[in-house]
Amino acid sequence: MAIDYTKRPAAATQTSSGPVILTKAAPTVSLSKHATGTLRVNLNWNARPPAAQRGFFARFTPGLDLDLGCLYEFNDGSKGVVQALGNAFTAGIRGAARPIITLDGDDRSGNVSTGENLLIDLAQTASIKRILVFALIYEGATNWAAASGVATLYPAQGAPITINLDEARDGARVCAIALLQNNGDDLLVQREIR
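Procedures and definitions
Residues numbered from 1 in each chain as written. Predicted model: local features only at pLDDT ≥ 70, side-chain atom pairs only at ≥ 80, totals over all residues. Heavy atoms only, no water. Helix = DSSP H or I, 4+ residues; strand = E, 2+ residues; numbered from the N terminus. Areas by Shrake-Rupley, 256 points an atom, 1.4 Å probe, with all protein chains shown as cover. Pairing = 2+ DSSP bridges. Axes fitted to C-alpha atoms, helices over the stretch in contact; angles between N-to-C directions. pLDDT = per-residue confidence, 0-100. Contact = heavy atoms within 4.5 Å. Phe/Tyr/Trp six-rings, centres within 6.5 Å; stacked < 30°, edge-to-face > 60°. Buried < 20%, exposed > 50% of the residue type's maximum accessible area, 1.4 Å probe, protein only. Salt bridge = Lys/Arg side-chain N within 4 Å of Asp/Glu carboxyl O.

Caption draft 1: A look at the overall build of the protein. Tallying secondary structure elements over the protein gives 1 helix and 13 strands in all. Secondary structure elements of the protein, listed N to C terminal, follow the sequence β-β-β-β-β-β-β-β-β-α-β-β-β-β. For the protein, the computed accessible surface area is about 10300 Å², with 53% contributed by carbon and sulfur atoms.

Right under this line is the structure:
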């Protein structure tokens, strides 16, 4: 299924003094007013899915382990992935003083209060063509609704942007969360959840 990124869907609205929530009906938001500093993309989830059985005869249910990562393409033509798998924790332009994207670690338990975080240096927005943020179920849930995952984007200034990972299709181990796309003077965030 091809996606036409030239059409602009309805923009998300901010709840009163709360986060901007991206939904199917309002899947986009612009970061042009907040395109400075570091954008932190956080993934958090329940440590154990709600359907876990309890009691003496219950089956062992492993803890829930989600992983955050991204596919990226920079304007110099370089492409790749940032993820814990393979220890690919950073990405940047060759010869640059600092990376554009950094993954802060791998929370294997879901018990770390800060979850997993991708840090995107918005001072280098001109080098970014697009970044597709994704999560994968490494262990412990059959679908995204059971994982109760939430992705939150924290611009350096402005309200946080929340995206619920609520896809219930069984067997879908990877979920595209959001596409960040540079449109010249504007960095758009598009909710994906597929």
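Caption draft 2: Fine view of the sheet that holds strand β7 (residues 101–103). Reading across the sheet, the 7 strands line up as β1-β11-β10-β3-β8-β7-β6 and stay open at both edges, with mixed pairing between neighbours. Each of the sheet's edge strands pairs with one partner strand only, and the pair in question is β1 (20–21) and β6 (90–91). Inspection of the sheet shows strand β3 (residues 38–44) paired to strand β10 (residues 149–154) by 5 bridges, in the antiparallel sense. Looking at β10, one finds that N44 is bridged to V150.

Caption draft 3: Quick look at the sheet that holds strand β12 (residues 174–182). Sheet architecture is open: 6 strands sit in the order β2-β13-β12-β9-β4-β5, paired in antiparallel fashion. The open sheet has two edge strands, β2 (28–30) and β5 (79–82), and neither has a second partner. For this sheet the average axis-to-axis angle between neighbouring strands, irrespective of direction, equals 20°. Here strand β4 (residues 65–74) runs beside strand β9 (residues 128–139); their pairing, made up of 10 bridges, is antiparallel. Paired with D67 across the bridge in β9 is L136.

Caption draft 4: A look at the confidence of the model for the protein. Chain-level pLDDT for the protein is 81 on average; 78% of the residues reach the 70-or-more range. Counting interchain partners and residues more than four positions distant, the pLDDT-below-50 stretch residues 1–9 has 12 contacts.

Caption draft 5: Quick look at the environment of I161. Position of I161 relative to the elements: it lies in strand β11 (residues 161–165). For the pair I161 and G18, spaced 143 residues apart in sequence, the C-alpha separation works out to 9.3 Å. Discounting residues that sit within four places of it in the chain, I161 has contacts with V20, L22, V29, L31, A151, T152, L153 and P155.

Caption draft 6: Examining the pairing of β5 more closely. As paired strands, β4 and β5 are joined by 4 bridges and run antiparallel to one another. Within the sheet, the bridge partner assigned to L71 lies in β5 and is V81. Hairpin connection of β4 to β5: 4 residues between the antiparallel strands, including G77 at a positive phi of 95°.

Caption draft 7: Quick look at the packing of aromatic side chains. By the definition in use, this model includes 1 aromatic pair. Pairing Y72 with F74 gives two aromatic rings, centres 4.6 Å apart and planes at 25°, and the pair type is stacked. The pair formed by Y72 and F74 is uniform in burial state, with each residue classed as buried.

Caption draft 8: Representation of the pattern of salt bridges in the model. Applying the stated criterion to the full structure yields 5 salt bridges. Note that E73 is salt-bridged to R130, the shortest N-O span being 2.7 Å. Of this pair, E73 sits in strand β4 while R130 sits in strand β9, placing them 57 residues apart in sequence. We classify R130 as partly exposed; its relative accessible area is 35%. For E192, the salt bridge identified is with R194, shortest N-O distance 2.9 Å. For R194, a relative accessible area of 45% puts it in the partly exposed group. Each of E73, K129 and R130 takes part in salt bridges that share partners, so that together they form one network.

Caption draft 9: Summary view of the side chain of T125. Along the chain, T125 turns up in the loop between β8 (116–121) and β9. Owing to a relative accessible area of 12%, T125 belongs among the buried residues under this scheme. Once you skip the residues sitting within four places of it in the chain, T125 turns out to touch N182 and L187.

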